[in-house]
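# Observations on chain architecture
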Amino acid sequence: MGHDCSKVLSKVFLSLDGEMSAEEEKVFLQELKDCSCCLDHFEIEKEFKSFLQHKVEKRHVKEDTVAAIKTKIKSLAMA
Ligand SMILES: [Zn+2]
């Protein structure tokens, strides 16, 4: 079975947004466990999201700022 980091990482946002079924999430978490690269990026996303949630509570974060940071993280994931 081939492992495709970009494919796994594309699901990170679904997982963090709670848009994944329990079965999908089980498979996804297994893939993270098997690849330290994917796991690292998942942790980064998770911290980023909680950081944003903190920010949003205090001040409105512009959508384009969020998109810019997400794009940056995605480009890191491709490296
Ligand atoms: Zn991977």
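Residues numbered from 1 in each chain as written. Predicted model: local features only at pLDDT ≥ 70, side-chain atom pairs only at ≥ 80, totals over all residues.

So, about the overall build of the protein chain. Secondary structure assignment for the protein chain yields five helices and zero strands. Moving toward the C terminus, one meets the helices and strands of the protein chain in the order α-α-α-α-α. The buried share of the protein chain, reckoned over its 79 residues, is 10%. For the protein chain, the proportion of contacts with a sequence separation of at least 24, taken over those separated by at least 6, is 61%. (Helix = DSSP H or I, 4+ residues; strand = E, 2+ residues; numbered from the N terminus. Buried ≥ 20, exposed ≤ 12 C-beta atoms within 10 Å, placed from the backbone. Contact = placed C-beta atoms within 7 Å.)

Let's shift gears to helix α5 (residues 63-78). With 16 residues, α5 extends 23 Å from end C-alpha to end C-alpha; this agrees with the ideal 22 Å at 1.5 Å per step. With respect to burial, α5 is a largely exposed element, only zero of its 16 residues being buried. (Expected span 1.5 Å × (residues − 1).)

Next up on the list: the confidence of the model for the protein chain. For the protein chain, the mean per-residue pLDDT works out to 85, and 89% of the residues sit at or above 70. Looking over the protein chain, one finds the lowest element-wise mean pLDDT in α5, namely 81, and the highest in helix α3 (residues 22-34), namely 92. (pLDDT = per-residue confidence, 0-100.)

Take the nonpolar core next. By size, the foremost hydrophobic cluster in this structure holds six residues: Val-8, Leu-9, Val-12, Leu-32, Cys-38 and Phe-42. Among the elements of the structure, α1 (5-9) and α4 (36-58) are those that each provide at least two residues to this core. In this view, Val-12 contacts His-41, Phe-42 and Glu-45; residues no more than four positions away in its chain are not counted. (Core = buried A, V, L, I, M, F, W, Y, C linked by C-beta atoms within 7 Å.)

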